[in-house]
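# Breakdown of the fold
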Amino acid sequence: MDISVIVPLYNEEESLPELFDWIERVMKENGFTYEVIFVNDGSTDNSWQVIEKIRERSSAVRGIKFRRNYGKSAALYCGFKEAEGDVVITMDADLQDSPDEIPELYRMIREEGYDMVSGWKRKRYDPITKTLPTKLFNATARQVSGIKNLHDFNCGLKSYDKNVVKNIEVYGEMHRYIPYLAKNAGFKKIGEKPVHHQARKYGKTKFGINRFVNGYLDLITLWFLSRFGIKPMHFFGLLGSLMFLIGLIAVVIIGVGKLYSMHQGMEYRLVTDSPYFYLSLTAMIIGTQLFVAGFLGELISRNALGRNDYQIEKTI
């Protein structure tokens, strides 16, 4: 099979028939063998009934129905798991992503050898309250991930070599950072294609301003896990040791200062009367706690089931 199209959706009953007809037309015009996997993420409207009707007239349609809303990452994870095509393409169900982009996205994977290609909605039909935070978010993601050539990490329209989707785990709200997940899994050839963005035709957006806050928190989590996920002592141990050392040196300075004053017959005060003593003691305690946290993290990491799961491309 040439292509698997994965469409995560939540309350998009109006757009689904039009979207499938559009995908079907593009596939037939280009002679692709394909499947379309609709992942119904706990919709409360008639989205699933619409999917069933589309399935009745086309065997290329498959559907996954969640009992409740789990989020886009869960929908993509299940879609990736079921996909059988050599190239996997994801797109949103709201008709803002154009299926006419599919042939070129497919070609870039098969002919140019990209592991994945991310769409770039260069011209967006969104209010400035959405576009400005998006630009800041993408700029931060480029710096943290090191993937400098991507302008739109969160674009729903992407294409993947089948090996990519079978070797990454999308969880939580990490769908925003699939390029980063792919890079961490060893897939380095990540490209970008400017794509046409259309104004929403039906319904309203399902995402609020809180996604930007959550996005930054998820980015920090992903960065930390990629750098220190299997070696937490390198972070907590180093930071804890530095804090303990700073606190110890400060305590020694306070003690030496008092002894010097006593030796010189100068006026002095008790060590415990100095606020710096308590600050130093606090630094030593926090440093010890961080060191212990790193040690416990190492114990957990060493006993994790996936501690020796490595991305092996081929053997001979």
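Data block above holds the structure.
Residues numbered from 1 in each chain as written. Predicted model: local features only at pLDDT ≥ 70, side-chain atom pairs only at ≥ 80, totals over all residues. Heavy atoms only, no water.

## Overview of the overall build of the chain
Put simply, the test is: Each helix is a run of DSSP H or I of at least 4 residues and each strand a run of E of at least 2, with the numbering of both proceeding from the N terminus. The buried label applies to any residue whose accessible area, calculated with a 1.4 Å probe on protein chains only, is under 20% of its type's maximum; exposed applies above 50%, and partly exposed to all values in between. Working rule for contacts: check all heavy atoms of both residues, and any pair within 4.5 Å makes them a contact.
Assigned secondary structure in the chain consists of ten helices and seven strands. Taken over 316 residues, the chain has a buried fraction of 44%. Of the contacts made within the chain by residues no fewer than 6 positions apart, 79% connect residues no fewer than 24 positions apart.

## Here's the deal with the nonpolar core
Keep this limit in mind: Residues belong to one nonpolar core when they are buried, are Ala, Val, Leu, Ile, Met, Phe, Trp, Tyr or Cys, and are joined through side-chain atoms within 4.5 Å.
Ranked by internal contacts, the top residues of the largest apolar core, which has 35 residues, are Ile 3, Val 5 and Phe 38. Taken together, the elements giving at least two residues each to this core come down to strand S1 (3-9), helix H1 (16-30), strand S2 (34-40), helix H2 (47-57), strand S4 (87-90) and helix H4 (102-110). Considering each element in turn, this core owes the most residues, seven residues, to H1. Beyond its immediate stretch of four places on either side in the chain, Phe 38 contacts Val 7, Leu 9, Leu 16, Leu 19, Phe 20, Ile 51, Val 61, Arg 62, Gly 63 and Ile 64.

## A look at helix H3 (residues 72-82)
Structural remark: α-helix, 3.6 residues per turn; residues separated by three or four positions point the same way. The test is simple: For this quantity, the arc is that covered by the directions from the helix axis to the C-beta atoms.
For H3, the complete set of buried residues consists of Lys 72, Ser 73, Ala 75, Leu 76, Gly 79 and Phe 80. The buried side chains of H3 occupy one side of the element, clustering within an arc of 160 degrees when seen end-on.

## Some details on the packing of H1 against H2
The criterion, for reference: As a rule, the C-alpha atoms of each element are fitted with a line to give its axis, helices using only the stretch in contact, and angles between N-to-C directions run from 0 to 180 degrees. If you view the pair so one helix is near and one far, a crossing is left-handed when the near helix is turned anticlockwise from the far one by less than a right angle, and right-handed when it is turned clockwise.
For the pair H1 and H2, interaxial distance at closest approach is 10 Å and the crossing angle is 35 degrees. Handedness of the H1/H2 crossing: right-handed. Contact residues: H1 offers Leu 16, Pro 17, Phe 20, Asp 21 and Glu 24, while H2 offers Ser 47, Val 50, Ile 51, Ile 54 and Arg 57.

## Notes on the side chain of Ser 145
Worth spelling out the cut-off: Pairing of N or O atoms within 3.5 Å defines a polar contact, subject to two protein rules: one partner must be a possible hydrogen donor and the other a possible acceptor, and residues neighboring in sequence count only if both atoms are side-chain atoms.
Relative to the assigned elements, Ser 145 resides in helix H5 (residues 128-145). Within the local environment of Ser 145, its side chain forms a polar contact with the backbone oxygen of Ala 141, the two atoms lying 2.6 Å apart. Leaving out residues up to four positions away in the same chain, Ser 145 has contacts with Phe 153, Tyr 180 and Lys 183.

## Describing the packing of helix H9 (residues 233-263) against helix H10 (residues 275-302)
What counts, and what does not: Note on angle classes: values under 35 degrees are labelled roughly parallel, values over 145 roughly antiparallel, values of 65 to 115 roughly perpendicular, and the remainder oblique. The residue classification treats Ala, Val, Leu, Ile, Met, Phe, Trp, Tyr, Cys and Pro as nonpolar and Asp, Glu, Lys and Arg as charged. All others, Gly included, are polar.
Contact geometry for H9 and H10: axes closest at 7 Å, N-to-C directions at 160 degrees. Between H9 and H10, the interaxial angle falls into the category roughly antiparallel. Here H9 runs over H10; the crossing is left-handed. When the residues that make up the contact of H9 with H10 are grouped by side-chain class, the tally is 18 nonpolar, eight polar and one charged.

## Some details on empty space enclosed by the protein
What counts is decided by this rule: A cavity, in this analysis, means grid points on a 1 Å lattice covering only the protein atoms where a 1.4 Å probe fits yet has no way out; a pocket is instead an open set bounded by protein on both sides within 12 Å along at least five of seven lines, and a residue lines either one if it has an atom within 4 Å of a point. Grid points are joined across faces, edges and corners, and a volume is the space filled by probe spheres set on the points.
Across all of its chains, the model carries one cavity of 30 Å³ or more by this definition. Approximately 80 Å³ is the volume attributed to the largest cavity. Looking at the lining of the largest cavity, the elements that each hand over two or more residues are H3 and strand S6 (158-161). Split by residue class, the lining of the largest cavity holds six nonpolar, four polar and three charged.

## Regarding the environment of Asn 167
Among the structural elements, Asn 167 can be located in the loop between helix H6 (162-165) and helix H7 (178-184). Remark: the alpha-carbon pair of Asn 167 and Leu 181, spanning 14 residues in sequence, is separated by 9.5 Å. A distance of 2.6 Å separates the side chain of Asn 167 from the backbone oxygen of Asn 163, its partner in a polar contact.

## Quick notes on H2
When H2 is considered as a whole, its buried residues turn out to be Ser 47, Trp 48, Val 50, Ile 51 and Ile 54. Here the buried residues of H2 occupy an arc of 155 degrees about the axis, which is enough to place them on one side. Across from the buried face of H2, at angles greater than 90 degrees, the exposed residues are Lys 53 and Glu 56. Taken together, the buried residues of H2 touch S1, H1, S2 and strand S3 (61-65).

## Regarding the environment of Leu 9
Position of Leu 9 relative to the elements: it lies in strand S1. On the accessibility criterion, Leu 9 (3% relative accessible area) is buried. For the pair formed by Leu 9 and Phe 38, sequence separation is 29 residues and the distance between their alpha carbons is 7.2 Å. Apart from residues lying up to four places away in sequence, Leu 9 is in contact with Leu 16, Phe 38, Val 39, Asn 40, Asp 41, Ser 43, Ser 47, Ile 51 and Ala 93.

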